[in-house]
Amino acid sequence: MNLAIFNRFAWYKLALLFVMSSLAILFGLIAVTANPIFIGLAVGLVVGLFLLMTPKKAVWIVIAFGLTTPALLDLAGHGASKILWAISMVALLLWIPSILHLFELNPDENSVNKKNLPLFIWMAILLVVYATVSSVSHMHGVGELFGGFKRYFQTFGLMLAFATLALSRKDIDKWLKLLLAIALLQLPFALFERFILVPLRGGLASGGEATDIVAGTMGANLAGGSPNAIMVTLILIAFAFVFSRWKAGLINTSRILWLGIILLLPLILGETKVVVIMLPLMGLVLLRKDIVKNPTKYLPILAILFIFTIALAYIYVYILLDSNFTDAFLVTVQYNIEDVGYGTSILNRTTAMSFWWKLHGWHDPTALLFGHGLGSSYGDGFDAGHIAKNYPNYGINLTTISTLLWDLGLVGLILYISIFILTWFQLSKIWKLTESAQVKADCISLQVGIAATLLFLIYSDSQVNLLVHEIIISVMLGYAAFLYKEQQLKPVN
């Protein structure tokens, strides 16, 4: 008996020695390559495995570093930004504790189980399963599959952590304060980018090509194409939370004035024309219930918001672009609706979708309904997906809708949109059931974020491709799931 125990222990030691030796050799080979992608994956794997023991710390790391380091990394060099793969790996590893908590055999009264998980989270899980099965059935290369999976679902583990872990309201409030601090941090970075980096790209004389570098901490890319719209999204969602809580009497007026100025000031430092649509959209979502009940009180606030929007449009067109409203409108129509390509792409936001439709039909129902697999429409160059290689410089993945249609077909697009529609209605239900002023305010604010996400379907592919945007969306969905759990676990009197 003792000999058997000794033999088993010896096998464990040998197995552990083999694993450690293999990992040492693997990481040594990775270090020799000096490839930032591989190094980032290795670092993320090591750090992530340790963080699995304390998933709350992993959430802190993903939010804090995921939303603040892109600017520093992009300034250090485009290759250095691949270190974000480590953060992506930590976020992906959050799938493990989340799934274990979801399917634990003996959940306690504070745990989330299959019975009280909201439908939109199940829809998100269904999308992941569908996308994986559909892509494996096509299988145009392991690299394309894993790269596509990483880009689409790299932050779904973060969302599931909010939805399934035994979190307290204290945990959530700390993360919300962290997000507000990051939103406030956009101003100093935007000031640096406006007055230091914009001149390096030709100054205001270069128009939008120079001022689009004002993207806060979301990633100031000197080569162009900075995600300034993501900075605007974070700012407006944060302002929606602050405004909603002020309207509910949870924040005093002097505080919201200072917070509002700091949050909204970056909007005038760079040229992000989508603000002209997002600001009124935010106002309508925030005040829609109040305007119906008391229009005389809240219509003036909406009017002030529209005046601010017009002022921003004037700054963008006449100062930053050195143009006029007529010319700016005609140019915008040309590269959004007509046949002029967007940037260096042949297609624009409208023709990217019509081009897909022209090449798909009932003659090929499999591609029409199920697409060509994750990553198939991604990028240009050597790492492009197999479909993108057939259409170089077209920009077939210019928007979220066109990307989903190429990769996952009509079924994937419907599943993806359904997540946000279900979240919207679930938040409306929570708003009706709760008596908490804070929860009511946060439900409305989250709906602002959902509205912005739906707008981005036709604006950009960043919400299925860019880590910073996906973190924002996953936190929104995760917090909505937490509110649902909080409502479900509320004791019945």
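Everything discussed here concerns the structure shown above.
Scoring rules and cut-offs
- Residues numbered from 1 in each chain as written.
- Predicted model: local features only at pLDDT ≥ 70, side-chain atom pairs only at ≥ 80, totals over all residues.
- Heavy atoms only, no water.
- Patch = residues over 30% accessible without salt bridge, like charges linked within 9 Å, V, L, I, M, F, W, Y side chains within 5 Å.
- Areas by Shrake-Rupley, 256 points an atom, 1.4 Å probe, with all protein chains shown as cover.
- Salt bridge = Lys/Arg side-chain N within 4 Å of Asp/Glu carboxyl O.
- Lys, Arg positive; Asp, Glu negative; His and termini not counted.
- Charge placed at Lys NZ, Arg CZ, Asp CG, Glu CD.
- Helix = DSSP H or I, 4+ residues; strand = E, 2+ residues; numbered from the N terminus.
- Buried < 20%, exposed > 50% of the residue type's maximum accessible area, 1.4 Å probe, protein only.
- Phe/Tyr/Trp six-rings, centres within 6.5 Å; stacked < 30°, edge-to-face > 60°.
- Core = buried A, V, L, I, M, F, W, Y, C linked by side-chain atoms within 4.5 Å.
- Contact = heavy atoms within 4.5 Å.
- Expected span 1.5 Å × (residues − 1).
- Bend = angle between axes of the 7 residues up to and from the residue.
- Axes fitted to C-alpha atoms, helices over the stretch in contact; angles between N-to-C directions.
- Left-handed = near helix turned anticlockwise from the far one by under 90°.
- Nonpolar A, V, L, I, M, F, W, Y, C, P; charged D, E, K, R; others polar.
- Parallel < 35°, antiparallel > 145°, perpendicular 65-115°, else oblique.

### With respect to a positive patch on the surface
- Taken together, K170, K174, K177 and R255 make up a surface patch of like positive charges.
- Counting through the fold element by element, R255 comes out in helix α13 (residues 253-264).
- Judged by relative accessible area, R255 falls into the partly exposed class, the value being 46%.

### So, the pattern of salt bridges
- Tallied over the entire structure, the rule returns 6 salt bridges.
- Among the ionic pairs, D171 bridges to K56, the shortest N-O distance being 2.9 Å. One end of the pair, D171, is in helix α10 (residues 169-200); the other, K56, is in helix α3 (residues 55-66), with 115 residues separating them in the sequence.
- Taking the relative accessible area as the measure of exposure, K56 reaches 35% and is therefore partly exposed.
- Where K273 meets E271, a salt bridge forms, and the shortest distance between an N and an O atom there is 2.6 Å.
- Classification of E271 as buried rests on a relative accessible area of 7%.
- One network of salt bridges, with partners in common, ties together R169, D173 and E486.

### Notes on the packing of aromatic side chains
- Scanning the entire structure with this criterion turns up 20 aromatic pairs.
- Each ring, one from Y318 and one from F325, has its centre 5.2 Å from the other, and the planes form 80 degrees; the classification is edge-to-face.
- Judged by its relative accessible area of 33%, Y318 falls in the partly exposed class.
- Accessibility expressed as a relative area gives 38% for F325, which makes it partly exposed.
- Seen from their ring centres, F355 and Y394 are 5.2 Å apart, and the 35 degrees between their planes marks the pair as tilted. Note that F355 is positioned in helix α17 (residues 351-359) and Y394 in the loop between α18 (365-370) and α19 (400-433), a separation of 39 residues in sequence.
- Classification of F355 by relative accessible area gives buried; the value is 9%.

### Here we look at the nonpolar core
- Counting 128 residues, the largest nonpolar core has I63, L67, I121, L158 and M282 as the members making the most contacts within it.
- If we ignore the near neighbours within four places in the chain, the residues touching I121 are M159, L160, A163, L477 and A481.
- In this structure, L187, A190, L197 and L269 belong to the second largest nonpolar core, which totals 9 residues.

### Regarding the environment of W60
- Structurally, the position occupied by W60 is in helix α3.
- W60 sits in the partly exposed class, given a relative accessible area of 34%.
- For W60, the contacting residues outside a window of four places in its chain are F65, K174, W175 and L178.

### What about helix α14 (residues 275-293)?
- For α14, with 19 residues, the first-to-last C-alpha span of 27 Å sits near the 27 Å given by 1.5 Å per residue.
- At L287, α14 shows its maximal bend, which comes to roughly 60 degrees.
- All buried positions along α14 are accounted for by V275, M278, L279, P280, M282, G283, V285, L286, L287, D290 and I291.
- Lining the buried residues of α14 we find α12 (228-247), α15 (295-320), α19 and α20 (437-455).

### Describing the packing of α20 against helix α21 (residues 467-488)
- The geometry of α20 relative to α21 is characterised by a closest axis approach of 10 Å and an angle of 145 degrees between their N-to-C directions. Two packed elements cross with a definite hand, and for α20 against α21 that hand is left-handed. Along the contact surface, α20 presents V439, D442, C443, L446, G449, I450 and T453, while α21 presents I473, M476, L477, Y479, A480, L483 and E486.
- Among the residues forming the contact of α20 with α21, the class breakdown is 10 nonpolar, 2 polar and 2 charged.

### A short note on α12
- Counted at 1.5 Å a residue, the expected span for α12 with its 20 residues is 28 Å, and the 28 Å between its end C-alpha atoms agrees.
- Of all 20 residues making up α12, 18 are buried, and the element is well covered by its neighbours.
- One or two positions beyond α12, positive phi appears at G249, with a value near 80 degrees.

### Side note on the packing of helix α7 (residues 119-138) against helix α8 (residues 142-153)
- Where α7 contacts α8, the axes come no closer than 11 Å and their chain directions differ by 165 degrees. The angle between α7 and α8 falls in the class roughly antiparallel. Both α7 and α8 take part in a crossing whose hand is right-handed. Counted together, L127, V128, A131, T132, S135 and V136 of α7 and L145, F149 and F153 of α8 form the full contact between these two elements.
- When the residues that make up the contact of α7 with α8 are grouped by side-chain class, the tally is 7 nonpolar, 2 polar and no charged.

### Focus on the environment of V136
- Tracing the sequence through the fold places V136 in helix α7.
- Each C-alpha atom of the pair V136 and G373 lies 7.5 Å from the other, and the pair is 237 residues apart in sequence.

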